[in-house]
Amino acid sequence: MAAIYNLYIINKSGGLIFYKDYGSATRMDTNDTLRLASVWHSMHAISQQHSPMSGCSGIDLLQADTFDLHCFQSLTSTKFFLVCEPGTLQMENLLKHVYELYTDYVLKNPFYEMEMEMEMPIRCELFDFNMAQAVLKDRVALLGR
């Protein structure tokens, strides 16, 4: 079974700009995918604002019985989150690598417009290819542990 189920990228406004399923047991329809991204964005924002600790950056890890949700927020408030098998380690490194791929292949793409209120969905073959390679490499590394 795959260690990584799904990857989501959410813009600073809470809009889903990228979603990829990497082998989850159940397939979600488009509305469920958008709903999950919106709920996560809201929970993350609420946790930042109402944390008893000053300087809280929001929820980084949500653990459940059947999955773990790891989140990385960039300085521009773009959120990257992975849904994976419970107990999967080193997802922070993979999320940072996803962020590097995002900056290299999406933000540097002259045809991608980020200044709009609603960012364009990410449609970049090089990003998709390199994301698939990163997830495959991470799966191989996890199997070797």
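Look up: the structure comes first, before these words.
Presented here is an overview of the structure given in this document.

What counts, and at which threshold
Residues numbered from 1 in each chain as written. Predicted model: local features only at pLDDT ≥ 70, side-chain atom pairs only at ≥ 80, totals over all residues. Heavy atoms only, no water. Helix = DSSP H or I, 4+ residues; strand = E, 2+ residues; numbered from the N terminus. Pairing = 2+ DSSP bridges. Axes fitted to C-alpha atoms, helices over the stretch in contact; angles between N-to-C directions. Contact = heavy atoms within 4.5 Å. Salt bridge = Lys/Arg side-chain N within 4 Å of Asp/Glu carboxyl O. Buried < 20%, exposed > 50% of the residue type's maximum accessible area, 1.4 Å probe, protein only.

1. Some thoughts on the environment of I4
Phase 1: Within the element layout of this structure, I4 appears in strand β1 (residues 4-10).
Phase 2: Residues I4 and L69 lie 65 residues apart in sequence; the distance between their C-alpha atoms is 9.9 Å.

2. Digging into the sheet that holds strand β4 (residues 68-73)
Phase 1: Sheet architecture is open: five strands sit in the order β2-β1-β5-β4-β3, paired in antiparallel fashion. What marks the edges here is a single partner per strand, and that holds for β2 (16-21) and β3 (61-63). If you compare each strand with its neighbour and ignore which way they point, the axes differ by 10° on average.
Phase 2: Sheet topology note: the β4/strand β5 (residues 79-84) ladder contains six bridges and is antiparallel. Each bridged residue has a counterpart across the sheet, and for Q73 the counterpart in β5 is K79.
Phase 3: Relative to β1, helix α1 (residues 30-49) is tilted by about 65°, and along the sheet it contacts β1, β2, β3, β4 and β5.

3. Examining the pattern of salt bridges
Opposite charge on two side chains permits pairing when their charged atoms draw close.
Phase 1: Under the counting rule described, the total for this entry stands at three salt bridges.
Phase 2: A salt bridge links D32 to R35, with the shortest nitrogen-to-oxygen separation between them at 2.6 Å. Placement of the pair is D32 and R35 together in helix α1, with a separation of three residues, close to one helical turn.
Phase 3: Judged by relative accessible area, which is 48%, R35 ranks as partly exposed.

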